[in-house]
Amino acid sequence: MAKVLILGGGFGGVVAAQRLAEQLGDAHQITLVSRSRQFIFYPALVRLAFGACEPADVSFDLRRTLLNRRINFIEAEVARINPPERTVTIAHGEVEGKLPYDYLVFALGRRLATERIVGFYEHAHHLLNVDKAISFRKAINNLHAGRAVFGQCSGARLPVPVYESAFALARRLKEKGDREHVKITVVSPTTLDLELGDATVAAAIKKSLDAHQIEFLPNLRIESLTHDSAIATNGETINFNLLMLVPPFRGSSAASYLGITNEEGYINVDASMRVAGHERIYAVGDCTNFDGPKMGHVAVRQAEVAAANLAAEIDGRTPLSRYQHELRFVIGELGSESLYVHKNSSTDELATVRQGHFWNWAKQVHEKYWEVMHS
Ligand SMILES: Cc1cc2nc3c(=O)[nH]c(=O)nc-3n(C[C@H](O)[C@H](O)[C@H](O)COP(=O)(O)OP(=O)(O)OC[C@H]3O[C@@H](n4cnc5c(N)ncnc54)[C@H](O)[C@@H]3O)c2cc1C
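As a starting point, this report considers the structure included with it. (Residues numbered from 1 in each chain as written. Predicted model: local features only at pLDDT ≥ 70, side-chain atom pairs only at ≥ 80, totals over all residues. Heavy atoms only, no water.)

Quick word on the sheet that holds strand 8 (residues 103–106)
Step number 1: Across the sheet, which stays open at both edges, the seven strands sit in the order 7-6-5-2-1-8-18 with mixed pairing between neighbours. In this open sheet, the two edge strands, each paired with only one partner strand, are strand 7 (97–100) and strand 18 (281–283). In this sheet, neighbouring strand axes are inclined to one another by 40° on average, regardless of whether the strands run parallel or antiparallel.
Step number 2: Taken together, the four bridges between strand 2 (residues 29–34) and strand 5 (residues 72–82) define a ladder with parallel strand orientation. Its bridge partner being in strand 5, Ser 34 is matched across the sheet by Glu 75.
Step number 3: Each of strand 1 (3–7), strand 2 and strand 8 touches helix 1 (residues 11–23); the most contacted strand, strand 2, lies at about 170° to it. (Pairing = 2+ DSSP bridges. Helix = DSSP H or I, 4+ residues; strand = E, 2+ residues; numbered from the N terminus. Axes fitted to C-alpha atoms, helices over the stretch in contact; angles between N-to-C directions. Contact = heavy atoms within 4.5 Å.)

Okay, structure coming up:
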């Protein structure tokens, strides 16, 4: 019997656990540890902030879901992993101390390095959890005039909600008759091409920004905030009445100091999703080292690859599944201009970009499909 421990109850951890339960015989034990028993469907948090859905629509109970599939769930905080002794140290929660494993899947996502931006905690809204999305909703409802600023901090790896929020606000203000009283600005630490990873995508977004009179300011690396201004490293100051920023991301601290991460703390993996240089440890999702935005579909695909290889390893077969990086996303909230983007990272070809109402709808249908398949 093998003891498989999965760390993290997000897209990567849940899909890895479910695929393993499907592929491994009943004799093996699968346990998932996460700090909260709620699964959060992050891509819906923009719609939550704009009042299109409620917290119950974007989350489900992990313990019940996993138990139905014979996966144990432990609600607890992971402090660190100890590969030489094959244990995980649990700081607090339903268990404490060390949990042993035979095989490990690390899926703890990214850390929000808010401490890198002075004043972030006090003055910025963000959309990285349900409570923050609800508090952003209240601020949106109170905005009738002034300037709204959206953007990513340097090191953030999540452009989609920045653009979706800017477009959603433009539409909301127009509906309320307040559009001409509010200036909307998107700031980027780089250029649009670099932020979105592709010139075709950047051109399509720029066209929509212009069409909605949304200002775009490139190469602004915000380093500190006051209650009404963002100060960039070049000394430029951007005043705001409402600010939504994606904070810098870093890898999970539970993997640091083990020599398995890059300089930003992301775990180095090979194409089989095995942690480079370590047997019996796989890593998937936002916690791993790859270029470009951190996306849910990447976590899901990596989890499928890791689960297939881990199951083969346990069964004594050769692990043959390989992950090939690609980018797929929908920028919704743009009505008939909503964008679908697909880019294969193994070629130099430009991304495929499609536009239409369908993609916004497809994104919402995908959310429901995910819930039905996994909850
Ligand atoms: C507002 C928003 C919009 C987005 N839109 C899109 C989109 O349109 N399309 C798309 O593909 N992606 C989108 N994403 C990105 C996507 O949500 C992430 O890439 C995805 O969640 C990554 O999955 P993961 O399993 O790697 O990490 P996560 O989903 O972050 O899961 C990590 C899990 O580990 C737990 N955890 C972390 N640390 C510990 C610890 N120390 N101890 C115990 N548990 C811990 C967390 O609680 C969490 O359950 C969006 C994200 C946000 C925030």
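Here we look at the sheet that holds strand 15 (residues 237–239)
Step number 1: Taken in spatial order, the three strands of this open sheet run 13-14-15, and their pairing is antiparallel. The two strands at the open ends of the sheet, each matched to only one other strand, are strand 13 (222–225) and strand 15. Taking each pair of neighbouring strands and ignoring which way they run, the sheet shows an average axis angle of 25°.
Step number 2: Looking at chain direction, strand 13 and strand 14 (residues 229–232) are connected through three bridges and run antiparallel. Paired with Leu 225 across the two strands is Ala 230, which belongs to strand 14.

A closer look at empty space enclosed by the protein
Step number 1: The full count for this structure, using the stated rule, is two cavities of 30 Å³ or more.
Step number 2: Volume-wise, the largest cavity comes out at about 90 Å³.
Step number 3: Lining the largest cavity are Phe 41, Pro 43, Ala 44, Val 46, Arg 47, Glu 164, Glu 333, Asn 360, Lys 363, Gln 364 and Glu 367.
Step number 4: If you list the elements that add at least two residues to the lining of the largest cavity, you get helix 2 (45–49) and helix 10 (357–374).
Step number 5: Counting residues per element, the lining of the largest cavity draws most heavily on helix 10, which supplies four residues.
Step number 6: When its residues are assigned to classes, the lining of the largest cavity shows four nonpolar, two polar and five charged.
Step number 7: Considered as a void within the structure, the second largest cavity measures approximately 60 Å³ in volume.
Step number 8: Forming the boundary of the second largest cavity are Phe 39, Phe 41, Asp 57, Val 58, Ser 59, Phe 60, Glu 367, Trp 370 and Glu 371. (1 Å grid on protein atoms, 1.4 Å probe; cavity = no way out; pocket = protein on both sides within 12 Å on 5 of 7 lines; lining within 4 Å. Points joined across faces, edges and corners; volume = space filled by probe spheres on them. Nonpolar A, V, L, I, M, F, W, Y, C, P; charged D, E, K, R; others polar.)

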